[in-house]
Each structure stands twice: as structure tokens, then as C-alpha cells.
Amino acid sequence: ADCRYTCHQECRSLIQLDCRRPGPCQGQLSPESTLLPPCSQNVTQTVEEEKPEPPTIQEVKQRIEKYNAKVTNCLLMKLNDDGTYTGFIKVHLKLRRPVTVPAGIRPQSIYDALKEVNLADMTDKRTSFYLPLDAIKQLHISSTTTVSEVIQGLLKKFMVVDNPQKFALFKEMRKDGQVLFQKLPLTEYPLYLRLLAGPDTDVLSFVLKENETGEVEWDAFSIPELQNFLMILDKEEKDKIQQVHRKYERFKQRLQQTLKEARGKPG
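This report concerns the structure included in the present document. What you see is a predicted model; the values in this text were computed from it and never measured.

## Details of the pattern of salt bridges
Moving on, step 1. Inspection of every chain in the model, using the stated rule, returns six salt bridges.
Moving on, step 2. Glu-236 serves as the salt-bridge partner of Arg-97, at 3.2 Å between the closest nitrogen and oxygen. Of this pair, Arg-97 sits in the loop between β3 (85-93) and β4 (99-102) while Glu-236 sits in helix α5 (residues 223-262); the two residues are 139 residues apart in sequence, bridging distant segments of the chain.
Moving on, step 3. On the accessibility criterion, Glu-236 (26% relative accessible area) is partly exposed.
Moving on, step 4. With a closest N to O distance of 3.0 Å, Glu-172 and Arg-174 form a salt bridge.
Moving on, step 5. Residue Arg-174 is classed as partly exposed on the basis of its relative accessible area, which comes to 46%.
Moving on, step 6. Each member of the salt-bridge network shares a partner with another, and the members are Lys-94, Glu-172 and Arg-174.

Have a look at this one:
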């Protein structure tokens with residue numbers, strides 16, 4: 001009732017809540033009405049947490065020193081005179097659907113990056129392809145870089161021209177053998193979360209996924225993009241139908257084989 005925790009019904013016996021505030025639940029799960037039907041093994045939460053007071057420059061300095069003492073790959077954080085700081089985050093790209101990129105465009109060079117040349121604007125031709133599964137991109141950002149800017153930066157690096165609203169940045173955490181995904185608001189600062197969690201990616205990592213929470217404003221997409229979505233969904237539907245057909249065809253063959261072997265046997 002207090003923490004609004006929701007889980008799948010089959011996971012109920014596996015969940016242990018660390019409740020720090022008194023309430024009617026007293027460490028137990030939420031009522032039956034909040035139990036969801038069985039689904040995937042991962043638990044995705046969208047929780048709006050109360051923002052703590054911003055740390056002082058001295059507190060930030062102490063945290064950065066503690067963070068850098070644990071770094072083993074030279075990817076240190078650096079404190080600036082104005083109290084902001086810079087550092088690195090790694091983002092796992094776990095995209096199940098293809099992305100739209102300019103057709104026939106060469107990869108971005110260092111010259112293009114320094115001159116901020118947008119190669120995607122050099123052609124109107126588009127093509128779609130799948131990004132490598134679980135690809136990892138390392139970004140150098142500042143403490144003032146928001147989730148929205150991280151998403152836009154990732155799309156620009158891969159020359160993806162899809163609407164940024166199609167994507168969402170999640171933080172992935174592991175606790176008690178569970179993998180928890182929490183969608184980050186667009187105004188959150190990923191580098192601050194990295195600083196709080198430390199450099200260990202087993203404690204916290206960032207994941208870019210499709211935004212499938214029902215918050216996408218479809219009116220913001222162009223007609224070609226919407227048509228591309230329909231083509232993708234049609235292909236996924238056909239693949240799913242084929243999988244079901246193959247599954248029951250194998251089941252049918254096993255039944256027929258069993259019946260054939262059982263003929264002539266007593267009982």
C-alpha cells in the first residue's frame with residue numbers, strides 16, 4: 001500500500017521487500033489486485049522517486065575521490081571549478097527492432113565529428129537494419145547531461161533518424177538474484193547516478209530499449225515512419241504465426257508417432 005510494489009503472481013514467493021517505513025504491508029507484498037499474470041523473468045519498474053537535495057561541491061568532491069579510487073580502467077571523473085563534473089558511462093543497446101538510418105552514407109569520420117557535420121541530413125533515402133544485439137557504447141558526458149540528451153547523442157552516433165520518443169533509457173540493477181529495470185525520466189542525470197553507484201557495472205548499468213510503455217505520441221511520427229512500423233509489426237506477426245505452426249506440427253508428429261507405436265499393444 002505504501003511502496004506500490006507490483007509483481008507477477010508466480011514471483012510472489014521470491015520477492016523480499018526492504019521496507020524502511022512503517023505501513024500496513026509491513027514488508028509483505030501488495031494486495032492481490034496488484035499481482036500481474038506470469039510474464040518475463042525480468043521485472044521492469046517505472047517509479048518516480050523523490051529528488052534528494054543536490055549535494056554541495058565538497059560532497060561531490062568527496063564522492064568523486066571515492067569513485068576514482070575504485071576505477072580500474074582509467075575512466076575517471078573530473079571535477080570542474082564551477083561544481084560540475086565530467087565522466088564516462090556505458091550504455092547497452094538492447095533493441096529488438098530495426099532502426100532507420102540514411103542509405104548509402106559513409107561512416108562518420110573524426111573530421112565530421114569535430115565539425116559537427118550531420119551526415120543524416122545529406123540524403124533523403126532511408127533504410128532499416130538491426131543494431132548488433134547488446135552492443136555497448138561508451139559516452140563522455142557531464143553532470144548536466146540529461147537522459148534525453150544521452151538518447152539523442154546515441155542516435156546521432158549511430159546516425160539513427162528515428163524519432164527519439166521511440167526509445168527510453170533504463171537503469172539495470174541486480175538484487176537478490178533478480179534483474180530489475182527502471183525507466184529513467186528524461187530529466188534525470190545519468191552521470192550522477194553513476195557517481196552514486198560507483199564504477200561497478202554489476203551494481204548499475206544503463207540500457208537503451210524501445211519505449212513500449214504507452215507514452216509514445218504517435219502523432220509526432222511521419223507517415224514513412226508509421227508505415228515502417230506497420231511493416232515491422234506485420235513481419236513479427238508472420239514470424240510468430242510460423243513459430244506456432246511449427247510448434248504444433250512437431251506436437252502432431254509426436255502424437256502420431258506415439259499412436260503408431262501403441263498399435264497392437266495391450267491397453
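## A look at the packing of aromatic side chains
Here the distance between the centres and the angle between the planes together describe a pair of aromatic rings.
Moving on, step 1. Here the structure, examined in full by the defined rule, presents zero aromatic pairs.
Moving on, step 2. Taking NZ or CZ as reference, Lys-137 lies 5.8 Å from the ring centre of Phe-158, over its face.
Moving on, step 3. Residue placement shows Lys-209 over the ring face of Phe-181; its charged tip is 4.4 Å from the ring centre.

## Quick notes on unusual backbone geometry
Moving on, step 1. The phi dihedral of Cys-74 is positive, around 70°, even though this residue is not glycine.
Moving on, step 2. Looking at the secondary structure, you find Cys-74 in the loop between α1 (57-70) and β2 (78-79).
Moving on, step 3. The phi torsion at Met-159 lies on the positive side, around 55°, for a residue other than glycine.
Moving on, step 4. Looking at the element boundaries, Met-159 is found in the loop between α3 (147-157) and β7 (167-175).
Moving on, step 5. What makes Met-159 buried here is its relative accessible area of 17%.

## With respect to the nonpolar core
Moving on, step 1. In terms of nonpolar packing, the biggest core is built from 31 residues, with Tyr-85, Ile-89, Val-91, Val-150, Phe-167, Leu-169 and Phe-206 touching the most fellow members.
Moving on, step 2. Counting only elements with at least two residues in this core, the list comes to α1, β3, β4, β6 (135-142), α3, β7, α4 (190-197) and β9 (205-210).

Parameters and conventions
- Residues numbered from 1 in each chain as written.
- Predicted model: local features only at pLDDT ≥ 70, side-chain atom pairs only at ≥ 80, totals over all residues.
- Heavy atoms only, no water.
- Salt bridge = Lys/Arg side-chain N within 4 Å of Asp/Glu carboxyl O.
- Helix = DSSP H or I, 4+ residues; strand = E, 2+ residues; numbered from the N terminus.
- Buried < 20%, exposed > 50% of the residue type's maximum accessible area, 1.4 Å probe, protein only.
- Phe/Tyr/Trp six-rings, centres within 6.5 Å; stacked < 30°, edge-to-face > 60°.
- Lys NZ or Arg CZ within 6 Å of the ring centre and 35° of its normal.
- Core = buried A, V, L, I, M, F, W, Y, C linked by side-chain atoms within 4.5 Å.

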